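Observations on chain architecture
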Amino acid sequence: MNAKTNAALEALKYVKNGQTIGLGTGSTAAIFIDLLAKKVKNEHLLIKCIPTSLSSKALAYQKGLVLMEPEEVSTIDVAIDGADCMDSKKNLIKGGGGAHTREKIIDYFAEKFIVIADETKFSKILKGPVPLELLPFAYPFVAKAIKKEFGIKTELRRRENGDVWKSDNGNFIADAYFKQIKNPKKLEEQLNAIPGIVENGIFSRNVSTVIIGYEKKVKVLN
Ligand code: 5RP
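Residues numbered from 1 in each chain as written. Predicted model: local features only at pLDDT ≥ 70, side-chain atom pairs only at ≥ 80, totals over all residues. Heavy atoms only, no water.

**A short note on the packing of helix 5 (residues 139–150) against helix 6 (residues 184–192)**
Between two packed helices, the angle of one axis relative to the other and the distance separating the axes together describe the packing. Let me state the cut-off plainly: Angles here are taken between N-to-C directions and fall from 0 to 180 degrees, while the axes themselves are lines fitted to C-alpha atoms, restricted in helices to the stretch in contact. Where helices and strands are cited, they refer to DSSP runs of H or I of at least four residues and of E of at least two residues respectively, numbered from the N terminus. Any angle from 65 to 115 degrees is called roughly perpendicular, while one under 35 is roughly parallel, one over 145 is roughly antiparallel, and all others are oblique. Handedness of a crossing is defined here by the sense of rotation of the near helix relative to the far one, left-handed for an anticlockwise turn of less than a right angle and right-handed for a clockwise turn. Whether two residues are in contact is decided by their heavy atoms, any of which lying within 4.5 Å being enough. Charged means Asp, Glu, Lys or Arg here, nonpolar means Ala, Val, Leu, Ile, Met, Phe, Trp, Tyr, Cys or Pro, and polar covers whatever is left, Gly included.
Between helix 5 and helix 6, the least distance of the axes is 11 Å, while the angle of their chain directions is 140°. In terms of orientation, helix 5 and helix 6 fall into the oblique class. Crossing of helix 5 against helix 6: the hand is right-handed. Contacts from I146, E149 and F150 in helix 5 reach L187, Q190 and L191 in helix 6. Within the contact of helix 5 with helix 6, the residues separate by chemical class into four nonpolar, one polar and one charged.

Below is the structure:
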């Protein structure tokens, strides 16, 4: 837990009075939201926030942060978000929490996008399943298209009771079982070109800084 907290604490240094902040999703982002709320309160800052999920929205509201709706936002100064995997070129896989579509909208729109994650997320080459948000109608077609193009299986996320899990946008989330991703930019584009995929979890653009948290230190990649 220290590693995540250390990364979140370092990210606080990038927040300045008067800014609009994009709030990520996940356990590391939740630590950041808590720390940010404390900083805003202690230092009497004027900060507005736009969350990337309903869970982050609820947490930020509960902590007393000022929230904005998308139509109220003109600029996002900094977005701070977690990741499931990241490489030295600052490519990411996100969407472990199924929130990657809203995350990508906010993170790509932000002037600065800062990733906070513990050391276990760092990898020389991006690897692991790639989350996909899909229109429910499209799932069987997308699964077949991915099998044909990449030779891998795609699995729908389900709840414990077997029901299909739905995103904040009312869509399905599926995981495409890629092993290693050699060209993240190309794969990000290829996946989004398949009809029915709303967004995929590869983030190959706009990352300004990656803060890797360790038990007793942080490493910052600019
Ligand atoms: C949610 C995400 C999260 O940022 C990602 O899953 C990392 O979460 P955590 O900080 O809990 O490890 O992309 O869709």
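**With respect to the environment of I50**
Summarising the element assignment, I50 is placed in strand 2 (residues 48–51). Through-space distance from the C-alpha of I50 to that of A79 is 8.9 Å; in sequence the pair is 29 residues apart. Discounting residues that sit within four places of it in the chain, I50 has contacts with T20, I21, G22, L23, M68, E69, P70, V73, I76 and I106.

**Thoughts on the nonpolar core**
Rules: Put simply, buried Ala, Val, Leu, Ile, Met, Phe, Trp, Tyr and Cys residues joined by side-chain atoms within 4.5 Å make one nonpolar core. Categorising residues by exposure relies on relative accessible area from a 1.4 Å probe, with only protein chains included: less than 20% of the type maximum marks a residue as buried, more than 50% marks it as exposed, and the intermediate range marks it as partly exposed.
Counting residues in hydrophobic clusters, the biggest one holds 25 residues, and the most contacted among them are I21, L23, F32, L36, L65, I80 and I116. At the level of elements, helix 1 (2–12), strand 1 (20–23), helix 2 (27–43), helix 3 (54–62), strand 4 (78–81) and strand 7 (112–118) are the ones that each hand at least two residues to this core. Once residues within four sequence positions are removed from consideration, F32 is found in contact with A8, A11, L12, V15, I21, L23, I80 and I116. Within the second largest apolar cluster, 23 residues are counted, among which are V142, A176, F178 and I181.

**Section: helix 4 (residues 100–109)**
The element helix 4 is largely enclosed, with a buried count of seven among its 10 residues. Of the positions making up helix 4, those classed as buried are H100, T101, E103, K104, I106, D107 and Y108.

**Observations regarding the site of the ligand**
So the rule is basically this: Each residue is tested against the molecule or strand, and it is near if at least one of its non-hydrogen atoms lies within 4 Å. Polar contact is defined as a pair of N or O atoms within 3.5 Å, subject to the rule that within protein one atom must be able to donate a hydrogen and the other to accept it, and that residues adjacent in sequence are counted only when both atoms are side-chain atoms.
Near the ligand there are 16 residues, and of these T25, S27, T28, D84 and K121 occur at the shortest range. One of the side-chain nitrogen or oxygen atoms of S27 is found 2.5 Å away from an oxygen atom of the ligand. Measuring from an oxygen atom of the ligand, one finds a side-chain N or O atom of K121 at 2.5 Å. Taken together, the residues that form the shell around the ligand break down as two nonpolar, nine polar and five charged.

**Quick look at the domain arrangement of the protein**
Convention followed: For each domain, the first and last residues come from an automatic or database assignment. Using a 1.4 Å probe, buried area is obtained as the accessible area two parts lose upon being combined, added over both of them. One side-chain nitrogen of Lys or Arg within 4 Å of one carboxyl oxygen of Asp or Glu is enough to make a salt bridge.
In terms of domains, the protein is made up of domain 1 (3–124 + 204–221) and domain 2 (126–200). Taking only C-alpha atoms, the centre of domain 1 and the centre of domain 2 are 24 Å apart. Across the contact, 21 residues belong to domain 1 and 21 residues belong to domain 2. Between domain 1 and domain 2, roughly 1600 Å² of surface is buried when both sides are summed, and carbon and sulfur atoms account for 52% of that area. On the domain 1 side of the interface with domain 2, the three residues burying the most area are I93, H100 and K104, jointly 32% of the side's total. Across the domain 1-domain 2 interface, the total number found is two salt bridges. For K104, the salt bridge is made with E188, and the minimal N-O distance between the two is 2.7 Å.

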